[in-house]
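Here are the chains, one letter per residue:
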Amino acid sequence: MGVALITPFREDESIDFEALGRLVDYQLQNGTDYLVVLGTTAETPTLSPSEKKEVADFIINKVKGKIPIVLGVGGNSTNGTIEELKTKDFRGVDALLSVVPYYNKPSQEGIYQHYKAISEATDLPILLYNVPGRTGVNMTAETTLRLVRDFKNIIGIKEASGNIVQMDDIIKNKPKEFMVISGDDGVTYPLISLGAVGVISVIGNAFPKEFSRMVRLALSGDWQNALHIHHSFTELFELLFVDGNPAGVKCMLHAMGYCENKLRLPLVPTRITTFEKIREVLRQLNIKC
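Each chain has its residues counted from 1, running along the sequence as written. With the structure being a predicted model, the display of local features is reserved for residues of pLDDT at least 70 and the display and counting of side-chain atom pairs for 80 or more, all residues being used for whole-chain, interface and lining totals. The basis for the side-chain values is all heavy atoms of the structure; hydrogens and waters are excluded.

**Examining the overall build of the protein chain**
Here is step 1: Secondary structure summary: the protein chain contains 13 helices and 8 strands in total.
Here is step 2: For 289 residues, the compact-globule formula gives about 19 Å, and the C-alpha radius of gyration of the protein chain, at 18 Å, lands near that figure.
Here is step 3: C-alpha atoms of the protein chain, sized along the principal axes, occupy 50 × 45 × 35 Å.
Here is step 4: Residues counted as buried form 52% of the 289 residues belonging to the protein chain.
Here is step 5: Throughout, a contact is declared for two residues whenever any of their heavy atoms are within 4.5 Å. When contacts within the protein chain are restricted to residue pairs at least 6 apart in sequence, long-range pairs at least 24 apart make up 69% of them.
Here is step 6: Here the positive residues are Lys and Arg and the negative ones are Asp and Glu; neither His nor the chain ends is included. Lysine's charge is taken at NZ, arginine's at CZ, aspartate's at CG and glutamate's at CD. The distance from the centre of the 31 positive side-chain charges to the centre of the 34 negative ones in the protein chain is 2 Å. The numbering of helices and of strands both runs from the N terminus, where a helix is a DSSP run of H or I of at least 4 residues and a strand a run of E of at least 2. In this setup the radius of gyration rests on C-alpha atoms only. A globule is expected at 2.2 Å times the number of residues raised to 0.38. Summary of the burial criterion: residues with accessible area below 20% of their type's maximum are buried, those above 50% are exposed, and those between are partly exposed, where the area comes from a 1.4 Å probe applied to protein chains only.

Written out as structure tokens, the structure is:
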């Protein structure tokens, strides 16, 4: 289980590095296998370039190599991403997570050429990230498998298309060492049953111990106990995203006392009704809030 870390903010919208440090410690102490830094859940589009560097440097220095760091690097300008790869200091980074280009809706050949250029610009391992609900375009199984076969440093994909048939197609036809990783907490259990190797999780921000245990049980074939944990979280899975990500998980972490319930516009906190539902589910799970 990798965790897509949030970026905690103070009420004045400055980055709360004290809270971020607490969250990183919480992950290190509770079974998280790796951290995904500056992904979607970190509200990265609202961070300035200097803030992104501060956040990445802070987490890398805090982790001190105890677990791997996957850094989000990507965008809808191929040249801009390549420039970042050539000029940024990647010491302490173990792999990159790079999203399918968004908004400008490239063709499948455009997506292929985008990742080809990125792959040739770095020696770091690359995880593809397919999330058509955010990017406006789906990377097909055919394009994914073409990239995997052509570029050795493309080592896996965070698949959040929601299309189980497509994900199964990738798992069925991929090289053995290529990793298919769930990009959606709610489908992690069934996706592991098909051959996925884990998840890059949002709910893991709040429940790293419990959710990483579910992943490990499923990977070891203990389906019944894994299913019990999966089912204990099904209501939270829905509440996490009903008002957008990371509004749900920030609300949850706020209720648990880890950070302020603050986001940067255009994102806003969850509705009061959602907040109360989250608090009730946390109480049912015997979580203090």
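Don't stop here, the text continues.
**Side note on the sheet that holds strand E6 (residues 154-159)**
Here is step 1: Strands qualify as paired when DSSP identifies two bridges or more between them. Taken in spatial order, the 8 strands line up as E1-E2-E3-E4-E5-E6-E7-E8 and close into a barrel, and their pairing is parallel. Averaged over all pairs of adjacent strands, the angle between strand axes in this sheet comes to 25°, irrespective of strand direction.
Here is step 2: Bridging between strand E2 (residues 34-37) and strand E3 (residues 69-72) involves 3 bridges; their strand directions are parallel. Residue Leu 35 lies in a different strand from E3, and its bridge partner there is Ile 69.
Here is step 3: With axes taken as lines fitted to C-alpha atoms, and helix axes fitted only over the stretch in contact, angles between N-to-C directions fall between 0 and 180 degrees. Where helix H2 (residues 49-63) meets the sheet, it contacts E2 and E3, and its direction lies at approximately 170° from that of E2.
Here is step 4: Running at roughly 160° to E6, helix H7 (residues 164-173) makes contact with strand E5 (126-130), E6 and strand E7 (179-182) of the sheet.

**Structural notes on the packing of helix H9 (residues 208-219) against helix H10 (residues 223-232)**
Here is step 1: For the pair H9 and H10, the least separation of the axes is 8 Å and the interaxial angle reads 150°. Taken together, the axes of H9 and H10 lie roughly antiparallel to each other. Of the two possible hands of crossing, H9 and H10 adopt the one that is left-handed. For the pair H9 and H10, the contacting residues are Glu 210, Arg 213, Met 214, Leu 217 and Ala 218 in the first and Trp 223, Asn 225, Ala 226, Ile 229 and His 230 in the second. Small angles under 35 degrees read as roughly parallel and large ones over 145 as roughly antiparallel, with 65 to 115 read as roughly perpendicular and the rest as oblique. Two helices that cross are described as forming a left-handed crossing if the nearer one is turned anticlockwise from the farther one by less than a right angle, and a right-handed crossing if clockwise.

**Some thoughts on unusual backbone geometry**
Here is step 1: Asn 245 connects to Pro 246 through a cis peptide bond whose omega is 10°.
Here is step 2: Looking at where Pro 246 falls in the secondary structure, it is placed in the loop between helix H11 (234-241) and helix H12 (247-255).
Here is step 3: The peptide bond linking Leu 265 to Pro 266 adopts the cis configuration, its omega dihedral lying at 15°.
Here is step 4: With respect to the secondary-structure elements, Pro 266 resides in the loop between H12 and helix H13 (272-284).
Here is step 5: If you check the backbone angles, Leu 38 has positive phi at about 65° while not being a glycine.
Here is step 6: For Leu 38, a relative accessible area of 7% puts it in the buried group.
Here is step 7: Not every positive phi belongs to a glycine, and Glu 43 is a case in point at roughly 55°.
Here is step 8: Take Glu 43: it is sitting in the loop between E2 and H2.
Here is step 9: Taking the relative accessible area as the measure of exposure, Glu 43 reaches 1% and is therefore buried.

**A word on the side chain of Lys 174**
Here is step 1: Structurally, Lys 174 can be placed in the loop between H7 and E7.
Here is step 2: The buried charged residue Lys 174 lacks any salt bridge, with Glu 177 as its nearest oppositely charged partner at 7.2 Å.
Here is step 3: When neighbours within four sequence positions are excluded, Lys 174 is seen to be in contact with Leu 145 and Val 180. Whenever a carboxyl oxygen of Asp or Glu lies within 4 Å of a side-chain nitrogen of Lys or Arg, that contact is scored as a salt bridge.

**What to know about the pairing of E3**
Here is step 1: Side chains Ile 69 and Leu 71 project from E3 onto one buried face, and the interleaved Val 70 and Gly 72 project onto a second face that is buried too.
Here is step 2: The definition of a right-handed crossover adopted here requires that, viewed with the strands pointing away, the path from the first strand over the helix to the second runs clockwise. Regarding topology, H2 serves as the crossover connection from E2 to the parallel E3, and that connection is right-handed.
Here is step 3: Bridge analysis of E3 against strand E4 (residues 95-99) gives 3 bridges, and the strand direction is parallel. Along E4, the bridge assignment pairs Val 70 with Ala 95.
Here is step 4: Between the parallel pair E3 and E4, the chain is carried across by helix H3 (residues 78-87), and the sense of this crossover is right-handed.

**Side note on the pattern of salt bridges**
Here is step 1: For the structure on display, the rule yields 12 salt bridges.
Here is step 2: Its salt-bridge partner being Arg 264, residue Glu 51 comes within 2.8 Å of it at the nearest N-O pair. Taken together, the residues Glu 51 in helix H2 and Arg 264 in the loop between H12 and H13 connect sequence positions 213 residues apart.
Here is step 3: Glu 51 sits in the buried class, given a relative accessible area of 16%.
Here is step 4: Linking Asp 89 and Arg 91 is a salt bridge whose minimum nitrogen-to-oxygen distance equals 2.6 Å.

**A few points about H10**
Here is step 1: Listing the buried residues of H10 in full gives Ala 226, Ile 229 and His 230. Axial view of H10: buried residues confined to an arc of 105°, hence all on one face. Pointing more than 90 degrees away from the buried face of H10 are the exposed residues Gln 224 and His 228.
Here is step 2: Where the residues of H10 are buried, they touch helix H8 (188-194), H9 and H11. As used here, the arc is the angular range of directions from the helix axis to the C-beta atoms.

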